[in-house]
Amino acid sequence: MITLFLFERAWTISTVTPEENLRAMEEKEAQQPKIAKKEIDMGQVWACPICGKQQRLVHVETEKAVKHVLHKT
């Protein structure tokens, strides 16, 4: 109810229309660069000695970090 009230009543106080605000937000998101993500399969497969499920080691590089992840095979 409070949210509905704010959309119907309080929005008229703003000098920007909802459509213009939405359009500006979409343009801002479009301008942000995509983070390049590179995954390299290390070729190592690890198996659980109890259940036998296997996982492979993957090296993941992004612009901000480098990490290692286990993926199910």
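Above this text sits the structure in question.
The sections below set out a description of the structure shown in this document.

What counts, and at which threshold
Residues numbered from 1 in each chain as written. Predicted model: local features only at pLDDT ≥ 70, side-chain atom pairs only at ≥ 80, totals over all residues. Heavy atoms only, no water. Patch = residues over 30% accessible without salt bridge, like charges linked within 9 Å, V, L, I, M, F, W, Y side chains within 5 Å. Areas by Shrake-Rupley, 256 points an atom, 1.4 Å probe, with all protein chains shown as cover. Salt bridge = Lys/Arg side-chain N within 4 Å of Asp/Glu carboxyl O. Helix = DSSP H or I, 4+ residues; strand = E, 2+ residues; numbered from the N terminus. Buried < 20%, exposed > 50% of the residue type's maximum accessible area, 1.4 Å probe, protein only. Pairing = 2+ DSSP bridges. Axes fitted to C-alpha atoms, helices over the stretch in contact; angles between N-to-C directions. Polar contact = N/O pair within 3.5 Å; in protein donor to acceptor, adjacent residues only side chain to side chain. Contact = heavy atoms within 4.5 Å.

## Considering a nonpolar patch on the surface
- A surface patch of nonpolar side chains, about 340 Å² in accessible area, is lined by Ile2, Phe5 and Leu6.
- Following the sequence through the fold, Ile2 ends up in helix 1 (residues 2–8).
- By relative accessible area, which is 66% here, Ile2 ends up exposed.

## Here's the deal with the sheet that holds strand 2 (residues 54–61)
- The sheet built from 3 strands is open, its strands ordered 1-2-3 with antiparallel pairing. The open sheet has two free edges, formed respectively by strand 1 (38–47) and strand 3 (66–72), since each of these has just one partner strand. The average undirected angle you get between the axes of adjacent strands in this sheet is 25°.

## Topic: the pattern of salt bridges
- Taken as a whole and judged by the stated rule, the model has 3 salt bridges.
- With a shortest N-O distance of 3.7 Å, Lys37 and Glu39 are connected by a salt bridge.
- Glu61 is the partner of Lys38 in a salt bridge, and the nearest nitrogen-oxygen pair spans 3.6 Å. Of this pair, Lys38 sits in strand 1 while Glu61 sits in strand 2, placing them 23 residues apart in sequence.
- Given a relative accessible area of 28%, Glu61 falls into the partly exposed group.

## A closer look at the pairing of strand 3
- Where strand 2 meets strand 3, 7 bridges bridge the pair, whose relative direction is antiparallel. Counterpart to Leu57 in the pairing with strand 3 is Leu70.
- Between the antiparallel neighbours strand 2 and strand 3 lie 4 residues.

## A closer look at the side chain of His59
- Note that His59 resides in strand 2.
- Reaching out from His59, the side chain makes a polar contact with the side chain of Glu61 at a distance of 3.0 Å.
- Non-local contacts of His59, meaning those with residues more than four positions away in its chain, are made with Lys38, Glu39, Ile40, Met42, Val66, Lys67 and His68.

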